Amino acid sequence: MKLIIAIVQSEYAKRLQSAFVDNNVGATKLASTGGFLREGNTTFLLGVEDEDVDGVLKLIEEHSQTREETINPGIHPGISFEQPIEPVNITVGGATVFVLPVDQSLHF
């Protein structure tokens, strides 16, 4: 058995959750916040049998797309810059996924 932790942008969470339901994949959904952009994320925790891991990862990949976004770097109070800070293009979205072994799974 594996524990899959999937962190996705909140705008993709409903679509991914629906895909889990449609494919009979149980998931626990948690609200989370990203550290870099400080925007809302959703973290899914899934207990998955070893033979089902690839299928679940495919669902996550299909329903969590990346895109380019332009951000304006924050100006910190008390720090002055000689040159203006230019907007930066970054890739956002997608999913960060961890697959961990499970030694024991209990239901009470």
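Quick caveat, the model's predicted, so the values are computed rather than measured.

Calculation rules
- Residues numbered from 1 in each chain as written.
- Predicted model: local features only at pLDDT ≥ 70, side-chain atom pairs only at ≥ 80, totals over all residues.
- Heavy atoms only, no water.
- Core = buried A, V, L, I, M, F, W, Y, C linked by side-chain atoms within 4.5 Å.
- Buried < 20%, exposed > 50% of the residue type's maximum accessible area, 1.4 Å probe, protein only.
- Helix = DSSP H or I, 4+ residues; strand = E, 2+ residues; numbered from the N terminus.
- Contact = heavy atoms within 4.5 Å.
- Salt bridge = Lys/Arg side-chain N within 4 Å of Asp/Glu carboxyl O.
- Polar contact = N/O pair within 3.5 Å; in protein donor to acceptor, adjacent residues only side chain to side chain.

Concerning the nonpolar core
Generally speaking, soluble globular proteins have nonpolar side chains that are buried together. With 15 residues, the main nonpolar core has Ile-4, Phe-20, Phe-44, Leu-46, Val-56 and Ile-60 as its most contacted residues. Of all the secondary structure elements, the ones that give two or more residues to this core are β1 (2-9), α1 (10-22), β3 (40-48) and α2 (53-62). Other than its neighbours up to four places away in sequence, Phe-20 contacts Val-25, Ala-27, Phe-44, Leu-46, Val-56, Leu-59 and Ile-60.

Details of the pattern of salt bridges
Overall, the coordinates contain 1 salt bridge when judged by the stated rule. Here Lys-2 ties to Asp-50 by a salt bridge, and the two come within 3.9 Å at their closest N and O atoms. Within this pair, whereas Lys-2 is found in strand β1, its partner Asp-50 is found in the loop between β3 and α2, the two being separated by 48 residues in sequence.

A look at the side chain of Thr-42
Mapped onto the elements, Thr-42 comes out in strand β3. Residue classification places Thr-42 among the buried residues on the basis of a relative accessible area of 5%. Only 3.3 Å separates the side chain of Thr-42 from the side chain of Ser-10, close enough to count as a polar contact. In this view, Thr-42 contacts Ala-6, Ile-7, Val-8, Ser-10, Ala-13, Lys-29, Leu-30 and Ser-32; residues no more than four positions away in its chain are not counted.

A closer look at unusual backbone geometry
Negative phi values dominate among residues other than glycine, just as trans dominates among peptide bonds. With a phi close to 55 degrees, Asn-24 is a non-glycine residue in the positive phi region. By the secondary structure assignment, Asn-24 is in the loop between α1 and β2 (28-33). The class of Asn-24 is exposed, set by a relative accessible area of 76%.

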